[in-house]
Amino acid sequence: RKYEDEVTDDQLSPPRPRSRRASLVESMYESTVISVGEEKKEKRKEISDYHWNMERKKLGFSKSSKNVQLANLVMERKSLSAVKFIQTHFNRKECFQYTHQDTEYNANLPRNKPCYCGAEESDHKIEAKETLIEQSRPYFQEETNENCVIKIEGVCIGDSVTDSLSDLISLPKPKDDKDPGKENAALTPDNGATTNIVSPSMKESSEKGKASNNRENYTWTESSSIQELPTNAYGTIEFGENLLKAAKYVRLADNSPMSSVKEYIVNYWNLMEPRPYLALSIVGGAKNFKMDGRNKEKFKAGIIAATRATNAWVLTSGTNTGVMKLVGEAVNDGQFLITEGDKIKRGLKAIGICPWGYIHGNNTLINENASEFNNVRYETNVEIKTKEPSPLNPHHTHFLMVDDGNRNRYGGYGLRNFKSEFEKMLMEPEPAGLGIPVVTLLLEGGTDAIFEVKENLAKGKPCVVIGGSGRAADILAYAQRNTIRDLVSGTFSLREGHIRHVENMLEESYGDKVTGILSDGRKKKFMTWIMECISYSDLIIVFDINKENNLDKKILSALLIGDDLTVQSQMYLSMVWNRVDIAEEKVFKNRNLVLHETDLYEVMIQSLLIDRMSFVELLVMNGFSMHKFLNVQRLRDLYNDAVIQHPHLLVQIERRVGPCTYIYLSTIHKLLIFFMKSHSHPLYEADIDPEEEGSKELRENCLKAFDLPFLELFIWSVLCNKPNLRSYFWAKSGSPLVAALFASSFYKTLTHLYKLSDTEQVRELKNEFLDKANHIMEIAYTKDQGKAMGLAEKKIERFGSRSLIKLSFISNLKSFIGNHPCQRIVQGTWRRGFWKIEPLMIILSIFCPLLVSSSAFTYIPLGDDGGPLDLWQKMYVFYRAPIVKYTSNLISYIFFLLLYTSVALFNFEWQYQDSEVVLYVWLLILILDELRELFSQPYSGCFPKLQGHLSNVWNKFDFIISFVAVLGFILKNYQLTFQVSRVLFAINCSLLYIRLFRVYHASWRLGPKLVVFQRMIPELVTFMLLLIIFILGYGTATQALLNPVREFHIEDLPQMIANIVYLPYWQMYGELSLESLENQDKTVCYEEDFCEDFTVYNHVTIFFLAIYMLVGNVMLLNLLIAIFTSVFEDVRENSKEVWKFEMYRLVEEYDRKPVLPVPFTIFEELYKLFRQILRTTCRREKENVDLTLARKIETLDLLENDSLNAYIIDKSEEENCKIKKKMSVIEEKMTKVLEYLDDTEKDDDRVNDWGEEFPAGVTPYSASSESNQKGKLQLNKITSDNYGEDESPSHMALEEGEEVADLLETSSFNTEQQISTRMKTIEESIADLEKNSSKALLKMDEIFLLMKKITNKSE
């Protein structure tokens, strides 16, 4: 912030102590991409490389250019840099000494006797006992700045640096050039598998080892037998069943520095784009895990929702077994792609931290070429055996393959330690770590899962236990539910009587481990682990998968448990996850938390910037004061922060206002002037660059608050494109009509602010707010017609003291002027002061003023003190009414046309006649009156006034008439151009008659027809462009045959063009002129006695005419008729709306016109000038009516807000009606399903729908029956074939369809109680159908057909 250092200390909240977890969350708070300073600007749309090359190929260019080659070289060098980083930072571990252990050898296994490391003797190819890693590293040439000619993205490219990868990665050079093979052998790859290394210091021990093959005297130790070498496995894995994108992998030692791991996953794997807000560490069963279909879908749905809400990383062991396989399926179901230019990355990140030695087929992952990444085709469809290596899961995106030197055995200290350090690095604040909170998720699991949960809890990682999933999860869930807390010491312990039950659960789950000779010791150890776990009960959340839903809520709530997080941190995390339900439950319902409003200021700012409407609403509902929060400085900062996310606003500011590097509110003030034609707000105008004014005044203005903060935020949300917030702020703005008209004007004026492929979306936004304004006006009109009209006429001081109807007219919002209150205003203004007025009496009263007191006129009682009008007041009201001005100007214009026609027909001569002089004076006054209208436009500046004046087509017409009249008057004074002036005078006469169409706008019958006529003119021009091609083609061909020996003369050119164009044109209307298409008997002889007879061409010209008439008269004219018919149908619906708008324009025009018609307006203008002088010199006191008007405005505001509430209620009821209708349809379908279920219960047939007899003891259609399994397969096939990944049952809230599927899976259909229980669940979840009701109906149809097939066993 620019003025943060100027805020006094007493305005800031005092700092609070932070615990370890609180500092962790603060690290996330500081390092998240929500921090606007780090938000990347929106990238401009670029053409893809493939499209770019293809377009160059079509143009004849080469497929690539120097830039493309450089780009390819940059990518190549980046890949090289990654390889270099891997080989210099990551190692692998190999066992050098084969020593088998007979006690652990199982003769039934197909393998030979294994070593202590778990590998067979054939796998021990390295014979050296010790290895220097530095000697085995590939040699890299360091790049220096002196050799760098071109540097792109930090990579040096140029002639002085070699472009060959083989030259950049070279083998180590021997120190002794005489005999390098004997003394110090270089590292040579042996098919990428293993490497033989013999150093001088090991030569003797190696020879001894070769001399004696009996290694019985050798004692195997991990430190002496397992050594480190550079890693040799890195690249990508393509799974046959995963078609999205290849997974990345790297092999690294278990003791690899976490700083190197962090640098690699951030800089080379780019896992921080987009930034994750959570890491979900999965702990659970490996090979013996089973879960029924309903709970499996519920688990996957929760994982998908949690990871999508937070961009979470999912951490597993990466194998295709047990829990890891289920998590992989969930990731695959919820996976989506993110496109950034030509790059495509997966949205969900699943990282497998797996043991290298326990991966099936790990030898295929070893690189054949150490200088480049390996691309492996990996098969996962292999048989999984007990105590045998497991295949990788195909749905993981990244694999960290941890090598601790052990083979063919799972787990171990090395893997656990690496995973623990990796998660610790994730949790550490930046820059040491990544600032990502970690949550443990326990699903089923063995005793090692209990140990891992214990260790994670001790390190402050919260844990979500999936109760009902079995074994470890059920034990910890039961223990946690029966835990009590000592109020004195604050420790947790099991309640009395439950310890024995936990021991029994241990025996049932792990009978093989807690029975036998060592049962007491093992059971005691396991119980100790469990007791240590429940000592952190405040970090444990239990989710009962059989009874609860919304697993994602439990996962995200795990980080908010405990008392060491501030309210700001808890709200911030909930906001990042976009889970307002969690914030409401964990923060605002916690009475122990003390809410400080200043602590929530930053949360409010970030909620505004990332468009979190639900959180803004939650804060406001819980007492957050927007009046205290929003001042000038914060609003200015919001604009500058939001422009980073929405750069098109800055583009528009620079285009409409001028160069801008920092947005002040005065800049927004100028932009609003452009959109609304006028804007005035003292706080906006005072917020300017401190270099222009003193900083003291600016500082004082920065802390001033706004009277209507929600209206200011609504303007901000519209300008900065915050779609969720603008609807909320509109309802809270306090002036919904003004806000809606502002948004409509903005979207009407600006169709290229947002980066949209079609402006139709902007039109939809404009129509949305226009509909809101119209609905509110209509509701207010039904409540009180007079006050509704007052709402439309209420002046808005902020926008030039214009009324709402005036704002809509300036912004060209036709539909708002067409609503009932505005039309009542238009009609009232048209006959201002009259209840009733007769058109014929208007004409008579214009010439006889005393007739204004006749009974033909009914006046509104506007006299003094509300009484009737006297004679002079009636005359004043009569002549100032727009309808009277319109009539008088119409009479005047008719006399003007008669005079113009008389001069055009009889008196237009070289010498000026008296009537012509009078006509030119009249024209001059008309031009002056047009200029008066131009300068009276409600815009600031000459160009905006001219632009607004010419927005009316009739004003453009008047401009053309004035220009032609002036030009004709000038040309008349010269002999050479006198004839041209006569032509211009005649043209102007026709234009003046066409100008008489303007009168028709006052008629509700003729006005809409003019709109249709106006819309047909562009289509007529299009038709003429088509017709002229045929005219020129036919006319030129015909004239070439009729006059084949014509000589070219420049004076004959006009006649020749006339013959080519006019003759075909009139022929199209039936004037065929056949005699002109025939040549007379004429023959022309050339040299050598050759003569040409022109009469032969008569048959050809007639044929040309027939073709032309067929095309022009039949096809094109009918096409024009069809076009006009289509235009008429399209415009007919909107023609009345356009006519109402034009009628308002007409009323406004004549309301501003002088009382006297042209040419007598000159006298009235002189009178107004004299009156203005008198008012200036002899000013009298006026009655102060501002207080009375202020009270009336308060009443109008109350009506406006009451109408807004009614509008919101109406919309809510409308949506409820739609939902109820859809629910009734679903209820009918569910009734049919239950009827078929009842029929099934009564039927004892033992043959299913596939002709198979049920085995004895199996209930028909039970969960274990084979037919039911087929039914489940059919149901799964239906849902997978008809819905996409994002619309599958695990994603959609179609609880009723899933309940029926659950009936097929788990119910035996033997009792009505089970059915009624299921139906209650369906009724509770039926409210979730609002978003997916149409898909629910489709799914119910499919389920109904399936149930009919299953239950109709007699067929």
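Conventions adopted
Residues numbered from 1 in each chain as written. Predicted model: local features only at pLDDT ≥ 70, side-chain atom pairs only at ≥ 80, totals over all residues. Heavy atoms only, no water. Helix = DSSP H or I, 4+ residues; strand = E, 2+ residues; numbered from the N terminus. Buried < 20%, exposed > 50% of the residue type's maximum accessible area, 1.4 Å probe, protein only. Areas by Shrake-Rupley, 256 points an atom, 1.4 Å probe, with all protein chains shown as cover. Core = buried A, V, L, I, M, F, W, Y, C linked by side-chain atoms within 4.5 Å. Contact = heavy atoms within 4.5 Å. Expected span 1.5 Å × (residues − 1). Polar contact = N/O pair within 3.5 Å; in protein donor to acceptor, adjacent residues only side chain to side chain. Phe/Tyr/Trp six-rings, centres within 6.5 Å; stacked < 30°, edge-to-face > 60°. Lys NZ or Arg CZ within 6 Å of the ring centre and 35° of its normal. Salt bridge = Lys/Arg side-chain N within 4 Å of Asp/Glu carboxyl O. Pairing = 2+ DSSP bridges. Axes fitted to C-alpha atoms, helices over the stretch in contact; angles between N-to-C directions. Patch = residues over 30% accessible without salt bridge, like charges linked within 9 Å, V, L, I, M, F, W, Y side chains within 5 Å. Disulfide = S-S within 2.5 Å. pLDDT = per-residue confidence, 0-100. Parallel < 35°, antiparallel > 145°, perpendicular 65-115°, else oblique. Nonpolar A, V, L, I, M, F, W, Y, C, P; charged D, E, K, R; others polar. Lys, Arg positive; Asp, Glu negative; His and termini not counted. Left-handed = near helix turned anticlockwise from the far one by under 90°.

(A) Local environment of the overall build of the protein chain. Scanning the protein chain from terminus to terminus reveals 52 helices and 26 strands. Across the 1355 residues in the protein chain, those meeting the buried criterion constitute 47%. Of the roughly 70,500 Å² that the protein chain leaves accessible, carbon and sulfur atoms contribute 54%.

(B) Expanded view of the nonpolar core. Of all hydrophobic cores here, the largest spans 201 residues; its most connected members are Phe299, Leu442, Leu608, Tyr639, Trp716 and Leu719. Excluding anything up to four places from it in sequence, Trp716 contacts Leu608, Leu609, Leu635, Leu638, Tyr639, Ala642, Lys722 and Leu725. Ile265, Trp269, Leu315 and Ile436 belong to the second largest nonpolar core, which has 30 residues in total.

(C) Highlighting the environment of Lys290. Structurally, Lys290 is set in the loop between strand E9 (279-284) and helix H10 (293-310). We classify Lys290 as exposed; its relative accessible area is 75%. Each C-alpha atom, one on Lys290 and one on Ser469, is 8.2 Å from the other, the two residues being 179 residues apart in sequence.

(D) H10, seen in detail. Between its first and last C-alpha atoms H10 spans 26 Å; for 18 residues at 1.5 Å apiece the expected length is 26 Å, and the two agree. The N-cap of H10, judged by a side-chain oxygen 3.3 Å from the amide nitrogen of Arg294 a few residues on, is Asp292. Positive phi appears at Asn311, one or two residues downstream of H10, with a value of about 55°.

(E) Spatial organisation of the packing of aromatic side chains. Considering all chains together, one arrives at 54 aromatic pairs under this definition. Aromatic ring contacts, followed pair by pair, group Tyr893, Phe896, Tyr900, Phe908, Trp910, Trp922, Phe978 and Phe985 into a single cluster. Here the guanidinium or amino end of Lys814 rests over the ring plane of Phe1141, the centre of that ring lying 5.0 Å away.

(F) Molecular detail of the pattern of salt bridges. If you walk through the whole model with that rule in mind, you get 38 salt bridges. Among the salt bridges present, the one from Glu1148 reaches Lys806, with a minimum N-O distance of 3.0 Å. Of this pair, Glu1148 sits in helix H46 (residues 1098-1152) while Lys806 sits in helix H34 (residues 804-810), and the two are 342 residues apart along the sequence. Lys806 carries the same exposure label as Glu1148, and that label is buried.

(G) Quick peek at the sheet that holds strand E17 (residues 463-467). An order of E14-E7-E8-E15-E13-E10-E9-E16-E17-E20 is seen for the 10 strands of this open sheet, with the pairing classed as mixed. Only two strands of the sheet have a single neighbouring strand rather than two, namely strand E14 (374-378) and strand E20 (540-544). For this sheet the average axis-to-axis angle between neighbouring strands, irrespective of direction, equals 25°. Against the sheet, helix H13 (residues 447-458) touches E9, strand E16 (438-443), E17 and E20, its axis set at about 160° to E16.

(H) Just the environment of Ile987, in detail. With respect to the helices, strands and loops of the structure, Ile987 is situated in helix H43 (residues 978-994). Separated by 19 residues in sequence, Ile987 and Gly968 have C-alpha atoms that sit 10.0 Å apart.

(I) Expanded view of a nonpolar patch on the surface. Taken together, the side chains of Tyr912, Val917, Val921, Val966, Phe969, Ile970 and Tyr974 make up a nonpolar region of the molecular surface, amounting to roughly 610 Å² of accessible area. If you list the elements that add at least two residues to the nonpolar patch, you get helix H40 (914-935) and helix H42 (953-971). Considering the arrangement of structural elements, one finds Val921 in helix H40.

(J) Up close: the pairing of strand E8 (residues 247-253). With six of seven residues buried, E8 lies mostly within the body of the structure. Relative to E8, strand E7 (residues 234-239) runs antiparallel, the two being bridged by four bridges. What sits directly across from Gly235, in E8, is Tyr249. Two elements, E8 and strand E15 (residues 398-403), share six bridges in a ladder whose sense is parallel. Bridge pairing in E15 places Tyr249 opposite Phe399.

(K) Local environment of the state of the cysteines. Inspection of every chain in the model, using the stated rule, returns zero disulfides. The cysteine Cys115 is free of any disulfide, with Cys117 supplying the nearest cysteine sulfur at 3.8 Å. In this structure Cys115 comes out as buried when scored by relative accessible area, which is 3%. Cys95 supplies the cysteine sulfur nearest to Cys117, a cysteine that is in no disulfide, at a spacing of 3.7 Å. Here Cys117 falls in the buried class, since its relative accessible area comes to 0%.

(L) Spatial organisation of the confidence of the model for the protein chain. In the predicted model, the protein chain carries a mean pLDDT of 76, and the fraction of residues at 70 or more is 73%. Overall, residues 1-47 carries pLDDT values under 50, and its contacts beyond four positions in sequence, including any with other chains, amount to 97 contacts.

(M) Region of interest: the packing of helix H22 (residues 613-621) against helix H30 (residues 723-732). At a minimum axis separation of 8 Å, H22 and H30 run at an interaxial angle of 30°. Considering the angle they form, H22 stands roughly parallel to H30. Contact residues: H22 offers Met613, Val616, Glu617 and Val620, while H30 offers Asn724, Leu725, Tyr728, Phe729 and Lys732. Along the lines of polarity and charge, the residues of the contact of H22 with H30 split into six nonpolar, one polar and two charged.

(N) Quick peek at the side chain of Lys766. Mapped onto the elements, Lys766 comes out in helix H32 (residues 760-783). It is Glu1137 that comes nearest to the buried, bridge-free Lys766 among opposite-charge side chains, at 7.4 Å.

(O) Summary view of the pairing of E14. Only one face of E14 is buried: it carries Asn374, Val376 and Tyr378, and the other face, with Asn375 and Arg377, is open. By the bridge criterion, five bridges tie E7 to E14 in an arrangement that is parallel. Opposite Phe239, over in E14, you have Tyr378 as the bridge partner.

(P) Region of interest: the packing of helix H9 (residues 258-267) against helix H12 (residues 413-427). Where H9 meets H12, the closest approach of the two axes is 10 Å, and the angle between their N-to-C directions is 65°. Crossing hand, H9 versus H12: right-handed. Residues Met258, Val261, Lys262 and Ile265 of H9 lie in contact with H12, whose contacting residues are Phe418, Glu421, Phe422 and Met425.

(Q) Structural context of unusual backbone geometry. The omega torsion of the bond from Glu273 to Pro274 falls at -5°, within 30 degrees of zero and hence cis. Its place among the elements puts Pro274 in the loop between H9 and E9. The residue after Glu430, namely Pro431, is reached through a cis peptide bond having omega 5°. Along the chain, Pro431 turns up in the loop between H12 and E16. The phi dihedral of Arg471 is positive, around 45°, even though this residue is not glycine. Residue classification places Arg471 among the partly exposed residues on the basis of a relative accessible area of 24%.

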